[in-house]
Amino acid sequence: MRIGADYYPEHWEKERWKTDAEMMVKANIKVIRIGEFAWSLYEPEEGKYEFDWMDEALDFFGKYGIKVVMCTPSATPPKWMIDKYPDILQNDIHGNPKLFGTRKHYCFNSETYREKTKKLNTLIAKRYAKHPAIEAWQVDNELGWSNTTRCYCKSCKNRFRNWLKEKYG
Ligand SMILES: [Zn+2]
């Protein structure tokens, strides 16, 4: 049986990676899942993308024979995005927006969120598709976590009402 673990290279000083990689090898950990909450590192400002840190992490852990499940970072849109496009926030049944500071705080139906997610995920996929350390992809993290699949924002309410109108007249 192969054993894997979540790992967040962005949470540690790079000097620590060596210790962690050696401990993983010793513990027979063969796979790490990375990048799932790293949108703010990939895109620290709108349209400004940075991949060097992930390039370095993949190359580093790959040298230890550790394979990677590469995650899309779509569960955590960055703070600048929430500030600039507050309409992407998910609303609860009372119309209160979920605030920044957790994950899955976005409306799944937000056109802005979808556009931004598609753009970044496409860049990640193209950049890393053939990287030898990657053996699998995770396209989302904990879909439905903490009642996050239902949104009551204006856009969702209007679309639902339009769907009802079309279906039932
Ligand atoms: Zn919504």
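These figures come from a predicted structure and were not determined experimentally.

(A) Inspection of the coordination of the zinc ion at higher detail. Cys107 (SG), Cys151 (SG), Cys153 (SG) and Cys156 (SG) make up the full set of protein donors to the zinc ion, lying at 2.2 to 2.3 Å. Taken together, the four donor atoms surrounding the zinc ion define angles of 95 to 116° at the centre, an arrangement classified as tetrahedral. Coordination of the zinc ion draws on donor residues from a single chain, spaced C-x43-C-x1-C-x2-C in sequence. Just as Cys153 is buried, Cys156 falls in that class too.

(B) Quick peek at unusual backbone geometry. The phi angle at Asn28 is positive, at roughly 65°, despite the residue not being glycine. Within the secondary structure, Asn28 sits in the loop between helix H1 (14–26) and strand E2 (29–34). Look at Lys104: it is not a glycine, yet its phi comes out positive at around 60°. Along the chain, Lys104 falls in the loop between helix H4 (79–84) and helix H5 (111–128).

(C) Geometry of H5. Taking 1.5 Å per residue, 18 residues should reach 26 Å; H5 reaches 26 Å between its end C-alpha atoms and fits that length. For H5, every residue scored as buried is listed here: Thr112, Tyr113, Lys116, Thr117, Leu120, Asn121, Ile124 and Tyr128. Buried residues in H5, looked at end-on, bunch into an arc of 140°, giving them a common side. Exposed side of H5, more than 90 degrees from the buried face: Glu115, Lys118 and Lys126 are the residues found there. Those residues of H5 hidden inside the fold are in contact with helix H2 (39–42), helix H3 (52–63), strand E3 (67–71), H4 and strand E4 (134–138).

(D) Inspection of the packing of aromatic side chains at higher detail. Applying the stated criterion across every chain yields a total of 15 aromatic pairs. Residues Tyr42 and Phe51 carry aromatic rings whose centres are separated by 5.6 Å and whose planes lie at 50° to one another, so their mutual orientation is tilted. Residue Tyr42 shares its accessibility class with Phe51, and that shared class is buried. Consider the rings of Trp163 and Tyr168, whose centres lie 6.4 Å apart with planes at 90°: the pair is edge-to-face. In this structure an aromatic cluster arises from ring pairing among Tyr7, Trp17, Phe60, Phe61 and Tyr64. Positioned above the aromatic ring of Trp12, the side-chain terminus of Arg16 is 5.7 Å from the ring centre.

The rules behind these values
Residues numbered from 1 in each chain as written. Predicted model: local features only at pLDDT ≥ 70, side-chain atom pairs only at ≥ 80, totals over all residues. Heavy atoms only, no water. Donors = N, O, S within 2.8 Å, 3.2 Å for Na, K, Ca; no water. Tetrahedral: all angles 85-135°; square planar, octahedral: opposite > 155°, others 65-115°. Buried < 20%, exposed > 50% of the residue type's maximum accessible area, 1.4 Å probe, protein only. Helix = DSSP H or I, 4+ residues; strand = E, 2+ residues; numbered from the N terminus. Expected span 1.5 Å × (residues − 1). Arc of directions from axis to C-beta. Contact = heavy atoms within 4.5 Å. Phe/Tyr/Trp six-rings, centres within 6.5 Å; stacked < 30°, edge-to-face > 60°. Lys NZ or Arg CZ within 6 Å of the ring centre and 35° of its normal.

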